[in-house]
Each structure stands twice: as C-alpha cells, then as structure tokens.
Amino acid sequence: MRDDRETQTSSARHDTGQALAMLDAFASVGTRVFDLSITDINADPVEGLQRPGQSLGDLRRRINRDLQTAEQNRHNVIIRPRSTTALLVQLDDFSPQKAAQIEPYAFLIIRTSPGNGQVWLAVSDGPRESEKE
C-alpha cells in the first residue's frame with residue numbers, strides 16, 4: 001500500500017480515510033493491537049490520553065473522533081502497531097528513490113513530507129512482541 005499524503009498544515013483537515021487505510025495495511029500483516037499516544041505541540045504526552053493495548057476494532061471506531069479532537073487541540077496522534085505474528089520494521093527518512101528500491105518488500109510506504117518518507121516491512125520469521133495488553 002502506498003500513501004502519498006503530504007504533511008498537513010495546522011489549518012488542514014484530518015483525513016479519517018487515510019488513517020483507516022493505514023490501520024488496514026497493518027491488519028493485513030497480522031497486527032491486531034495498537035498503542036495510541038496523544039502528544040502536545042512540544043511532543044510531550046498529554047496526561048490521561050494515552051491508550052495502550054487498543055484493539056483494531058476499537059481504534060477503527062474512535063479514530064475519527066481522536067483526529068478531530070487532536071486537530072482542535074493542536075495535538076499529535078501517534079499509533080504504534082504491535083504484532084505477535086511478524087516483526088514490524090519502520091524505516092525513516094527514505095527519499096522516493098530509496099523507497100522505490102525497497103517497495104516490492106514493503107507493505108506500507110508513507111510520504112511524510114516532500115522528498116521524505118517512511119517504509120514499513122513485516123518480517124514473518126523475526127522476533128515478535130508478546131501478547132501483553
């Protein structure tokens with residue numbers, strides 16, 4: 001899956017469809033649990049809004065509301081996937097050219113800013129997370 005979104009300005013509207021598509025991409029490689037963090041403009045966790053161990057279904061139901069609230073409060077929504085079926089590898093700071101080279105092996109490529117992105121790999125025979133909640 002490829003997501004060619006640009007980094008949004010604070011006046012831009014969130015895109016629930018893109019968030020759901022990203023959750024689907026993680027689900028496609030066996031991810032069923034996510035840690036959700038809300039941080040402020042300084043990247044500090046917002047007290048009371050950290051939600052570890054969220055199920056895929058719960059996160060899908062709440063993501064629109066979480067994005068709307070974060071936009072109103074100028075917060076960041078950070079979703080960390082946890083998989084017990086594959087090792088998930090996040091590669092940062094990839095140019096489009098470098099991402100294209102590894103694309104056949106990736107399940108998700110995200111353009112995080114012009115000329116820069118993340119590549120996500122799922123390694124089925126790598127170490128896995130435990131099923132802690």
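Keep in mind that this is a model prediction, so the values were computed, not measured.

A.B. asks: Run through the overall build of the protein chain, naming residues and quoting values.
C.D. replies: When helices and strands are counted, the protein chain shows 3 helices and 7 strands. Counting from the amino terminus, helix and strand elements in the protein chain follow one another as β-α-β-β-α-β-β-α-β-β. Classification of the 133 residues of the protein chain by burial places 35% in the buried group. Within the protein chain, residue pairs in contact and separated by at least 24 positions form 64% of the contacts whose partners lie at least 6 positions apart. Accessible surface, the protein chain as shown: approximately 7,900 Å² in total, 49% of it carbon and sulfur.

A.B. asks: Outline the nonpolar core, listing residues and values.
C.D. replies: Counting residues in each nonpolar core, the largest one holds 17 residues, and the members touching the most others are Phe26, Phe34, Leu88, Phe107, Leu108 and Trp120. It is helix 1 (residues 16–27) that provides the largest number of residues to this core, a total of 5 residues. Formed by 7 residues, the second largest nonpolar core is a distinct cluster that contains Phe94, Ala99, Ile102 and Val119.

A.B. asks: Please set out the packing of helix 1 against helix 2 (residues 56–73) residue by residue, giving values where relevant.
C.D. replies: When two helices pack together, their arrangement is given by the angle between the helix axes and the distance between those axes. Relative to each other, helix 1 and helix 2 sit at 160°, their axes nearing to 10 Å. Considering the angle they form, helix 1 stands roughly antiparallel to helix 2. The handedness of the crossing between helix 1 and helix 2 comes out as right-handed. Taken together, the residues of helix 2 that come into contact with helix 1 (itself represented by Thr16, Ala19, Leu20, Leu23, Asp24 and Ala27) are Leu56, Leu59, Arg60, Ile63, Asn64 and Leu67.

A.B. asks: Would you mind going over the pattern of salt bridges in detail, with residue names and values included?
C.D. replies: Under the counting rule described, the total for this entry stands at 5 salt bridges. Where Asp24 meets Arg60, a salt bridge forms, and the shortest distance between an N and an O atom there is 2.8 Å. Here Asp24 is found in helix 1, whereas its partner Arg60 is found in helix 2, with 36 residues between them in sequence. Under the relative-accessibility criterion, Arg60 is labelled partly exposed at 34%. Between Arg51 and Asp66 there is a salt bridge, with the nearest N and O atoms lying 2.6 Å from each other. Pair noted here: Arg51 is in strand 3 (residues 51–55) and Asp66 is in helix 2, with a separation of 15 residues, a long-range link. An identical accessibility class is assigned to Arg51 and Asp66; each is buried. When salt bridges with common partners are traced through the structure, they connect Arg51, Arg62 and Asp66 into a single cluster.

A.B. asks: Kindly report on the sheet that holds strand 3, identifying the contributing residues and their values.
C.D. replies: Read across the sheet, 3 strands follow the order 3-2-4 without closing on themselves; strand pairing throughout is antiparallel. Because the sheet does not close on itself, it has two edges, and the strands there are strand 3 and strand 4 (76–82). Neighbour to neighbour, the strand axes of the sheet diverge by 30° on average, direction disregarded. In the sheet, strand 2 (residues 33–39) pairs with strand 3 via 3 bridges, with the strands oriented antiparallel. Bridge pairing in strand 3 places Phe34 opposite Gln54. Sheet contacts for helix 2: strand 2, strand 3 and strand 4; angle to strand 3, the most-contacted strand, approximately 130°.

Cut-offs used in this document
Residues numbered from 1 in each chain as written. Predicted model: local features only at pLDDT ≥ 70, side-chain atom pairs only at ≥ 80, totals over all residues. Heavy atoms only, no water. Helix = DSSP H or I, 4+ residues; strand = E, 2+ residues; numbered from the N terminus. Buried < 20%, exposed > 50% of the residue type's maximum accessible area, 1.4 Å probe, protein only. Contact = heavy atoms within 4.5 Å. Areas by Shrake-Rupley, 256 points an atom, 1.4 Å probe, with all protein chains shown as cover. Core = buried A, V, L, I, M, F, W, Y, C linked by side-chain atoms within 4.5 Å. Axes fitted to C-alpha atoms, helices over the stretch in contact; angles between N-to-C directions. Parallel < 35°, antiparallel > 145°, perpendicular 65-115°, else oblique. Left-handed = near helix turned anticlockwise from the far one by under 90°. Salt bridge = Lys/Arg side-chain N within 4 Å of Asp/Glu carboxyl O. Pairing = 2+ DSSP bridges.

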